[in-house]
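Single-letter residue listing:
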Amino acid sequence: MKAIQDRIKSRVPGVMYIDVDWGQLQEQEPPIKWPAVLVDIDGADYEQLEGDGGRGVQRCLAEVRITLASEKLSPTNARADNSSRVAGLAYFDTLAALHNALQGWSDGEHFGQLERVRMRTRSSVRGHIVKDLYYQTVYIESTED
């Protein structure tokens, strides 16, 4: 998680808050600064590796969820003045920068390359725009000391 947070912090300008997703967006007044990125492992599948000698070495296919949330402060409709539209649509520039920072990236130590598998829009956060980006990665986990 730390490596992903650090990558976002160094590569995605304008993000004011980066944290593990602890349900902050479920709060009446989310305790975050906008725009925010929340990171979580949404699920993982494990398989025992053949020939590991009973050491508990497993291959993990994990799905990482990256949530980008922002306040909707400016109009985005085609009839709004240009400067308002540019400000309102800046969210999508941040979304693109976020994807560019993560797609194909690996920290080289803890997990393999991140590969985007889907994106979903949430409609339940009033007055905000929230998108979830899902990436898959693979890593090897061992119970050895």
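Data block above holds the structure.
Reading the values: rules and limits
- Residues numbered from 1 in each chain as written.
- Predicted model: local features only at pLDDT ≥ 70, side-chain atom pairs only at ≥ 80, totals over all residues.
- Heavy atoms only, no water.
- Helix = DSSP H or I, 4+ residues; strand = E, 2+ residues; numbered from the N terminus.
- Buried < 20%, exposed > 50% of the residue type's maximum accessible area, 1.4 Å probe, protein only.
- Contact = heavy atoms within 4.5 Å.
- Areas by Shrake-Rupley, 256 points an atom, 1.4 Å probe, with all protein chains shown as cover.
- Lys, Arg positive; Asp, Glu negative; His and termini not counted.
- Charge placed at Lys NZ, Arg CZ, Asp CG, Glu CD.
- Salt bridge = Lys/Arg side-chain N within 4 Å of Asp/Glu carboxyl O.
- Phe/Tyr/Trp six-rings, centres within 6.5 Å; stacked < 30°, edge-to-face > 60°.
- Lys NZ or Arg CZ within 6 Å of the ring centre and 35° of its normal.

Asks: Explain the overall build of the protein chain to me, please; I cannot follow it from the model alone.
Replies: Helices and strands together make up the secondary structure of the protein chain, namely two helices and five strands. Starting at the N terminus and walking to the C terminus, you meet the elements of the protein chain as α-β-β-β-α-β-β. Along the first, second and third principal axes, the C-alpha set of the protein chain runs to 65 × 30 × 25 Å. By the burial criterion, 39% of the 145 residues in the protein chain qualify as buried. Long-range pairs, those at least 24 residues apart, make up 55% of the contacts in the protein chain with a sequence separation of at least 6. Surface summary for the protein chain: the accessible area is close to 8900 Å², and the carbon and sulfur share equals 46%. Charged side chains in the protein chain number 17 positive and 22 negative. The centres of these two groups are separated by 11 Å.

Asks: Mind showing me how you'd approach the pattern of salt bridges here?
Replies: Two side chains with opposite charge may pair up if their charged atoms get near one another. Scanning the model with the defined rule gives seven salt bridges in all. When the shortest N-O distance is used, the salt bridge between Arg65 and Asp42 registers 3.0 Å. Of the two residues, Arg65 is situated in strand β3 (residues 58–71) and Asp42 in strand β2 (residues 36–48); the sequence distance between them amounts to 23 residues. Accessibility expressed as a relative area gives 10% for Arg65, which makes it buried. Here Asp42 falls in the partly exposed class, since its relative accessible area comes to 38%. Asp132 is the salt-bridge partner of Arg122, the closest N and O atoms lying 2.9 Å from each other. One end of the pair, Arg122, is in strand β4 (residues 115–122); the other, Asp132, is in strand β5 (residues 128–141), and ten residues separate them in sequence. By relative accessible area, which is 5% here, Asp132 ends up buried.

Asks: What am I meant to see in the packing of aromatic side chains here?
Replies: What the rule picks out here adds up to two aromatic pairs. With a centroid separation of 5.4 Å and an interplanar angle of 85 degrees, the aromatic rings of Tyr91 and Phe92 are classed as edge-to-face. In this structure Tyr91 comes out as buried when scored by relative accessible area, which is 6%. Owing to a relative accessible area of 38%, Phe92 belongs among the partly exposed residues under this scheme. Seen in terms of ring centroids, Trp105 and Phe111 are 5.6 Å apart; in terms of plane orientation they differ by 70 degrees. Their pairing is edge-to-face. Relative accessible area serves as the criterion here: at 13%, Phe111 is assigned to the buried category. In this structure, Arg118 packs its charged tip against the face of Tyr134, placed 4.4 Å from the ring centre.

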